[in-house]
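# Working through the structure, step by step
The primary structure of each chain is shown beneath.
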Amino acid sequence: MVECQKCLDPTSLGLFLVAVVSFPLAILQLVGYPSGEYAVPTVDFFKLLGIMIIGVAVLAYRSDSNFGFVVFALVGAAVTMTGFGMGPWENITFALVFILAIIWSIFAKTPKTLSCILVTTALIFLTVGLSVLVEGEYWHWIIGIVALFNFLFNVYLAYALALENKLPII
């Protein structure tokens, strides 16, 4: 067995898990089912991934990452609550809290990609909430495009952090 001298940062795992949530949401909103119906992943999918992301928040806390702890706890809570049938105003509330996290991210001088992830995360919850309150056939396109960007930003930053200086952390 190999002993590690430094604590493993759970951020890459958390980012990959958020990417796993974003990708099927994007695909189902952009492409839909062969029947032409647009949908979201199953409620169990959101519940399980949300709980796993909350687990990453705990690991971030144990790694003394205050920002990682708070953001992953918020994302995990929001994804889990999505699985439990969160309503439009709860989605909008999470969007507003993610906007506050964006401000914190800017003040903390985190990588710009992380701020972009927070922007797309806020937009996902905002558009999902508004899609219920403001009817329209276009919401699935907006949600899908934003979720796709969220997926891409998460995968990029996860790789950049995991590869330790082999890919620039922007």
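As a reminder, the structure under discussion sits directly above these lines.
Only a predicted model underlies this, so the values are computations on that prediction, with no experimental measurement involved.

## Considerations on the packing of aromatic side chains
Considering all chains together, one arrives at 10 aromatic pairs under this definition. For the ring pair F45 and F46, a centre distance of 5.8 Å and an interplane angle of 70° mean the geometry is edge-to-face. Judged by centre distance (5.0 Å) and plane angle (40°), the ring pair of Y138 and W139 falls under tilted. Residue Y138 is classed as partly exposed on the basis of its relative accessible area, which comes to 40%. Ring pairing ties together the aromatic residues F94, F98 and F125, which thus form one cluster.

## Section: the packing of helix α2 (residues 43-62) against helix α3 (residues 66-83)
Geometry of a packed helix pair, given as the angle between the helix axes and the separation of the axes. Between α2 and α3, the shortest axis-to-axis distance is 7 Å and the interhelical angle comes to 165°. When the axes of α2 and α3 are compared, the pair comes out roughly antiparallel. The handedness of the crossing between α2 and α3 comes out as left-handed. Across from V43, F46, K47, L49, G50, I51, I53, I54, V56, A57, A60 and Y61 in α2, the residues of α3 making contact are G68, F69, F72, A73, V75, G76, A77, V79, T80, T82 and G83.

Rules behind the numbers
- Residues numbered from 1 in each chain as written.
- Predicted model: local features only at pLDDT ≥ 70, side-chain atom pairs only at ≥ 80, totals over all residues.
- Heavy atoms only, no water.
- Phe/Tyr/Trp six-rings, centres within 6.5 Å; stacked < 30°, edge-to-face > 60°.
- Buried < 20%, exposed > 50% of the residue type's maximum accessible area, 1.4 Å probe, protein only.
- Axes fitted to C-alpha atoms, helices over the stretch in contact; angles between N-to-C directions.
- Helix = DSSP H or I, 4+ residues; strand = E, 2+ residues; numbered from the N terminus.
- Parallel < 35°, antiparallel > 145°, perpendicular 65-115°, else oblique.
- Left-handed = near helix turned anticlockwise from the far one by under 90°.
- Contact = heavy atoms within 4.5 Å.

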